[in-house]
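So you can see what is in the structure, the chains are spelled out below.
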Amino acid sequence: IFDELTQWAPKLWRREFVAGHWLPLSHPRQLAGFVREFITLHEGGEESAELRSARVLPATENKGKAYAGKLVVVTGAGSGIGRETALDFAERGATVVAADLNADAAERTAELARLLGAEARGFAVDVGSCEAMEAFAAEVRAQLGVPDIVVNNAGIGMAGPVLDTSVSDWQRILNVNLWGVIHGARLFARQMVDAGKPGHIVNTSSGLAFFPTRSTPAYATTKAAVQMFSECLRAELADQGIGVSAVYPGVVNTGIVNRTRFVGTADAEQNRRRAAVQKLYALRNLGPKAVAAGVRRAVEKNLPEVRIGAEVHLIRWIARLLPGLGRRLARIEATP
């Protein structure tokens, strides 16, 4: 009934709230705030960010825009999987926040989203910095409202033996691949819970979360940690109407290889290895759009995990049923 209400009420706002049937009794303060914002708007005041996102478009304007009125935050959105994920939601009507360490890349993603007819903003942020992420989350909340969907996608690559991986190397990859996910999840989940707003958080892990390897121990460690963090957070937030998913891409042809650090090697050797690995990724030819579609599927079906690529399904199967084989395979040195 409500989905067709714009036929009779073309100016319509809908607020979603996680509560029981007797909302006026269980959450009177929040309900009073909703009413106050609505009255303020119609008495000539400004439309708040939250109320703007609650506006329901008429069916004639909303055709094919399943995410109209939804606010989606994507980190690492300046390229690759992050950019395609932001554009995937933008194409379906979402308002998109594209965040990246590279300000120009983030703004370019926002420009592409606007070309699709979406409202979009680019933000420069270092996901590994607690202070930067707190400021970013507060700015999104003040300017655009509480997000409906958050995709913690920012990540970096690293390869090479544990004994060649320095403390600064570990700090760098842990800050981005793990702490970036933790910061994004906890800050925006707190906003959702405080607002009583249902939502979804998607964390980008990797197929290597399931598979030990001597070639990428630091990277695999961070992605395995993201797996467990996501499972724990999913259990914690289930009663709040907030879903949590982890996405596990396989060999996806993005630019991450060109920025991967091969520890314990000289610059010339690093460049050679990057080029060799990039050739393998190009031959596999699994694009970031496949991961973006997986992210959306995770949100729509509230899936705990989504595996992207046949190789991920294979190593997940080996990890579950033949762990001994997985350990033997891990001893093979896959040096390009």
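Description of the environment of Ser-166
As for its placement among the helices and strands, Ser-166 is situated in the loop between β7 (158-159) and α7 (167-195). For Ser-166, a relative accessible area of 30% gives the class partly exposed. Considering only alpha carbons, one finds Ser-166 and Gly-264, 98 residues apart in sequence, at a separation of 9.0 Å. Within the structure, Ser-166 has its side chain in polar contact with the side chain of Asp-169 (distance 3.0 Å).

Describing the packing of aromatic side chains
By convention here, two paired aromatic rings are described through the distance between centres and the angle between planes. Evaluation of the coordinates by the stated rule reveals six aromatic pairs. Ring geometry for Trp-13 against Phe-38: centres 5.4 Å apart, planes inclined by 75 degrees, an arrangement best described as edge-to-face. Taken as a pair, Trp-13 in strand β1 (residues 12-13) and Phe-38 in helix α2 (residues 28-42) lie far apart in primary sequence, 25 residues in all. Arranged with centres 5.4 Å apart and planes meeting at 70 degrees, the rings of Phe-123 and Phe-136 form a pair that is edge-to-face. Within this pair, whereas Phe-123 is found in strand β5 (residues 120-124), its partner Phe-136 is found in helix α6 (residues 130-143), the two being separated by 13 residues in sequence. The class of Phe-123 is buried, set by a relative accessible area of 7%.

Some points on the packing of α7 against helix α8 (residues 217-237)
In contact at an axis separation of 9 Å, α7 and α8 are set at 15 degrees when each is read in the N-to-C sense. Of the possible angle classes, the one that applies to α7 and α8 is roughly parallel. Where α7 crosses over α8, the two elements pack in a sense that is right-handed. Every residue of α8 that contacts α7 at Trp-170, Ile-173, Leu-174, Asn-177, Leu-178, Val-181, Ile-182, Ala-185, Ala-189 and Val-193 is listed here: Pro-217, Ala-218, Tyr-219, Thr-221, Thr-222, Lys-223, Ala-225, Val-226, Phe-229, Leu-233 and Leu-237. Of the residues contributing to the contact of α7 with α8, the split by class is 17 nonpolar, three polar and one charged.

A word on unusual backbone geometry
Among all residues except glycine, the phi angle is most often negative; among peptide bonds, the trans geometry is most common. For Asn-302, which is not a glycine, the phi torsion comes out positive at approximately 50 degrees. Among the secondary structure elements, Asn-302 is positioned in the loop between α10 (288-301) and β11 (305-308).

Some remarks on the sheet that holds strand β6 (residues 149-152)
Read from one edge to the other, the open sheet built from seven strands follows the order β5-β4-β3-β6-β8-β9-β11, with strand pairing classed as parallel. Each edge of the open sheet is held by one strand with a lone partner, namely β5 and β11. Ignoring which end each strand starts from, the neighbouring axes of this sheet average 15 degrees apart. Two strands pair when backbone bridges link them, and strand β3 (residues 71-75) and β6 are joined in this way by three bridges, in the parallel orientation. Its bridge partner being in β6, Val-74 is matched across the sheet by Val-151. Together, β6, β8 (199-204), β9 (242-249) and β11 form the strand contacts of α10, whose direction differs from that of β11 by roughly 160 degrees. The strands touched by helix α11 (residues 310-321) are β9 and β11; relative to β11, the strand with the most contacts, the crossing angle is about 120 degrees.

Remarks on the nonpolar core
Counting 32 residues, the largest nonpolar core has Val-73, Val-97, Phe-136, Val-140, Phe-188, Ile-201 and Leu-237 as the members making the most contacts within it. Of all elements in the fold, only β3, β4 (95-100), α6, α7, α8 and β9 reach the threshold of two or more residues within this core. Setting aside chain neighbours within four positions, we find Ile-201 in contact with Val-150, Asn-152, Ala-185, Ala-189, Met-192, Leu-233, Leu-237, Ile-242, Gly-243, Val-244 and Ser-245. Core analysis: the second largest hydrophobic core is formed by 28 residues, Ile-81, Ala-90, Ala-110 and Ala-113 among them.

Regarding the layout of surface pockets
Empty space among the atoms becomes apparent when a probe as large as a water molecule is rolled across them. Volume-wise, the second largest pocket comes out at about 670 Å³. Contributing to the lining of the second largest pocket are 29 residues, with Arg-14, Arg-15, Glu-16, Ser-53 and Ala-54 lying nearest its centre. Elements supplying a minimum of two residues to the lining of the second largest pocket: α2, α3 (49-53), β2 (55-56) and α7. Top element by residues in the lining of the second largest pocket is α2. It accounts for five residues. Considering only residue class, the lining of the second largest pocket consists of nine nonpolar, six polar and 14 charged.

Some remarks on α7
Compared with an ideal rise of 1.5 Å per residue, which puts 29 residues at 42 Å, α7 spans 40 Å between its outermost C-alpha atoms and is within 8% of the ideal. Trp-179 marks the point of greatest bend in α7, at about 40 degrees. At the C-terminal side of α7, Gly-196 shows a positive phi close to 65 degrees.

Let's talk about α10
In this model α10 runs 20 Å from its N-terminal to its C-terminal C-alpha over 14 residues, within 8% of the 20 Å that 1.5 Å per residue would give. All of the buried residues in α10 are Pro-288, Val-291, Ala-292, Gly-294, Val-295, Arg-296, Ala-298 and Val-299. Its buried side turned inward, α10 meets α4 (80-91), β6, β8, β9 and β11. Once α10 ends, the next one or two residues include Asn-302, with phi positive near 50 degrees.

Observations regarding the packing of α6 against α7
Following both chains from N to C, one finds α6 and α7 inclined at 35 degrees, their axes separated by 10 Å at the closest point. For the element pair α6 and α7, the recorded crossing hand is right-handed. Where α6 abuts α7, its residues Cys-130, Met-133, Glu-134, Phe-136, Ala-137, Ala-138, Val-140 and Arg-141 lie against Gly-180, His-183, Gly-184, Arg-186, Leu-187, Phe-188 and Gln-191. Grouping the amino acids of the contact of α6 with α7 by side-chain chemistry returns eight nonpolar, four polar and three charged.

Rules behind the numbers
Residues numbered from 1 in each chain as written. Predicted model: local features only at pLDDT ≥ 70, side-chain atom pairs only at ≥ 80, totals over all residues. Heavy atoms only, no water. Helix = DSSP H or I, 4+ residues; strand = E, 2+ residues; numbered from the N terminus. Buried < 20%, exposed > 50% of the residue type's maximum accessible area, 1.4 Å probe, protein only. Polar contact = N/O pair within 3.5 Å; in protein donor to acceptor, adjacent residues only side chain to side chain. Phe/Tyr/Trp six-rings, centres within 6.5 Å; stacked < 30°, edge-to-face > 60°. Axes fitted to C-alpha atoms, helices over the stretch in contact; angles between N-to-C directions. Parallel < 35°, antiparallel > 145°, perpendicular 65-115°, else oblique. Left-handed = near helix turned anticlockwise from the far one by under 90°. Contact = heavy atoms within 4.5 Å. Nonpolar A, V, L, I, M, F, W, Y, C, P; charged D, E, K, R; others polar. Pairing = 2+ DSSP bridges. Core = buried A, V, L, I, M, F, W, Y, C linked by side-chain atoms within 4.5 Å. 1 Å grid on protein atoms, 1.4 Å probe; cavity = no way out; pocket = protein on both sides within 12 Å on 5 of 7 lines; lining within 4 Å. Points joined across faces, edges and corners; volume = space filled by probe spheres on them. Expected span 1.5 Å × (residues − 1). Bend = angle between axes of the 7 residues up to and from the residue.

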